[in-house]
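# Structural characterization, general
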Amino acid sequence: MRVKICGITKPEQGNAIAKLGATALGFICVPGSPRYVTPQQIQVVVNHLSVSVDRIGVFANTSTEEITQIVADSGINAVQLHSNESPEFCQKLRQALPEIEIIKALRIRTPECLNQADSYLSCVDTLLLDAYHRKMLGGTGKTLDWQRLQKFRPSIPWLLAGGLTPDNVLDALTLLEPSGIDLSSGVERTPGDKDLKKVTRLFEKLGSRV
Ligand SMILES: O=C(O)c1ccccc1N[C@@H]1O[C@H](COP(=O)(O)O)[C@@H](O)[C@H]1O
């Protein structure tokens, strides 16, 4: 199972988290987020890594040109689209960046929102489900109603996000079988400052599932 730890801002924390077992690190490329990092800051974290992990840039309604530039400048190898990006936009991005994994996040406000997934299946590599928040795009700490996701079985891989913590992750995984999980605020002290004790506890809880 993939384990993405998102909102990395510090090189030593990124490397420690990768060594603890994360398969992906996430970098917030959304100005205004307390976890925002520049392409140059991402590059420093990437250069500091002593183990191989995916490096996922998180974007919100950013142009294909800007994403392409940030990919070139930062060393990320996957792009997570976390706002209202259309399937047409995803298709355009795929043409611009054929080698880069495209992850489309769906922020689930009502059970009907899950139906949106169908229109992205042919133009992205991976889906991600996050909880909807009226004022914040992500990193909210809000959980989804996992019971209601039990019928969500898309034909492409998907990641479960939204308010996961070392304490609740096994409850989620008892109900669901995502291809991976994504945690941010549940393993930090303050936004952008990861708590390595919480990350260690996460991997202890996950055990052989990783
Ligand atoms: O974390 C942010 O600040 C952020 C900003 C804009 C878009 C997405 C963001 N984070 C994403 O939020 C989810 C889960 O967060 P949490 O575990 O509930 O705190 C994750 O996919 C992040 O990539």
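Before reading on, note that the structure itself is shown above.
Residues numbered from 1 in each chain as written. Predicted model: local features only at pLDDT ≥ 70, side-chain atom pairs only at ≥ 80, totals over all residues. Heavy atoms only, no water.

Next up on the list: the overall build of the protein. Counting its secondary structure elements, the protein contains 6 helices and 10 strands. Residue burial in the protein is summarised as follows: out of 210 residues, 52% are buried. The long-range fraction of contacts in the protein, counting pairs at least 24 apart against all pairs at least 6 apart in sequence, stands at 58%. Charge separation in the protein, taken as the distance between the mean sites of 24 positive and 22 negative side-chain charges, equals 6 Å. (Helix = DSSP H or I, 4+ residues; strand = E, 2+ residues; numbered from the N terminus. Buried < 20%, exposed > 50% of the residue type's maximum accessible area, 1.4 Å probe, protein only. Contact = heavy atoms within 4.5 Å. Lys, Arg positive; Asp, Glu negative; His and termini not counted. Charge placed at Lys NZ, Arg CZ, Asp CG, Glu CD.)

Looking now at unusual backbone geometry. Although it is not a glycine, Asn61 adopts a positive phi angle of roughly 50 degrees. For Asn61, the location among the structural elements is in the loop between strand 3 (54-59) and helix 3 (64-74).

In the contact formed by helix 1 (residues 11-20) and helix 6 (residues 196-206), the axes pass within 10 Å of each other and the chain directions differ by 15 degrees. Judged on the interaxial angle alone, helix 6 and helix 1 are roughly parallel. Crossing hand, helix 1 versus helix 6: right-handed. Two secondary-structure elements touch here, helix 1 through Gln13, Ala16, Ile17 and Leu20 and helix 6 through Leu196, Val199, Thr200 and Phe203. Of the residues contributing to the contact of helix 1 with helix 6, the split by class is 6 nonpolar, 2 polar and no charged. (Axes fitted to C-alpha atoms, helices over the stretch in contact; angles between N-to-C directions. Parallel < 35°, antiparallel > 145°, perpendicular 65-115°, else oblique. Left-handed = near helix turned anticlockwise from the far one by under 90°. Nonpolar A, V, L, I, M, F, W, Y, C, P; charged D, E, K, R; others polar.)

The subject of this paragraph is the packing of aromatic side chains. Counted under the stated rule, the structure contains 1 aromatic pair. Ring centres of Phe152 and Trp158 lie 5.1 Å apart, and the angle between their planes is 90 degrees; on these two criteria the pair is classed as edge-to-face. (Phe/Tyr/Trp six-rings, centres within 6.5 Å; stacked < 30°, edge-to-face > 60°.)

Each disulfide consists of one covalent bond between the sulfur atoms belonging to two cysteines. For the structure on display, the rule yields 0 disulfides. In this model Cys29 remains outside any disulfide bridge; the closest cysteine sulfur is found in Cys6, 9.2 Å from its own. (Disulfide = S-S within 2.5 Å.)

Moving on: the pattern of salt bridges. Summed over the entire model, instances satisfying the criterion amount to 10 salt bridges. The salt bridge involving Asp167 is made with Arg201; its shortest N-O contact spans 2.9 Å. Of this pair, Asp167 sits in the loop between strand 7 (158-160) and helix 5 (169-175) while Arg201 sits in helix 6, and the two are 34 residues apart along the sequence. Relative accessible area serves as the criterion here: at 33%, Arg201 is assigned to the partly exposed category. Where Asp193 meets Arg189, a salt bridge forms, and the shortest distance between an N and an O atom there is 3.1 Å. (Salt bridge = Lys/Arg side-chain N within 4 Å of Asp/Glu carboxyl O.)

On to the pairing of strand 4 (residues 78-81), then. Side chains of strand 4 alternate between two faces, with Ala78 and Gln80 and Val79 and Leu81 buried alike. Here 4 bridges tie strand 3 to strand 4, and the two strands are oriented parallel to one another. Its bridge partner being in strand 4, Phe59 is matched across the sheet by Leu81. As a crossover connection, the stretch from strand 3 through helix 3 into strand 4 is right-handed. Two strands pair when backbone bridges link them, and strand 4 and strand 5 (residues 101-108) are joined in this way by 4 bridges, in the parallel orientation. (Pairing = 2+ DSSP bridges. Right-handed = clockwise from strand over helix to strand, strands pointing away.)

Our focus in this paragraph is helix 1. Among the 10 residues of helix 1, 7 are classified as buried, and the element is accordingly described as predominantly covered. Here helix 1 has its buried residues at Pro11, Gln13, Gly14, Asn15, Ala16, Ile17 and Ala18. Immediately downstream of helix 1, the backbone of Gly21 shows phi near 130 degrees, a positive value.

With that settled, consider the nonpolar core. Within the largest apolar cluster, 58 residues are counted, with the highest numbers of intra-cluster contacts made by Ile5, Ile67, Val79, Leu81, Leu127, Leu129 and Leu160. The residues contacting Leu160, other than those within four sequence positions of it, are Leu129, Leu144, Trp146, Leu149, Ala172, Leu176, Pro178, Gly180, Ile181 and Asp182. (Core = buried A, V, L, I, M, F, W, Y, C linked by side-chain atoms within 4.5 Å.)

Remember, this is a structural readout, not a statement about activity or role.
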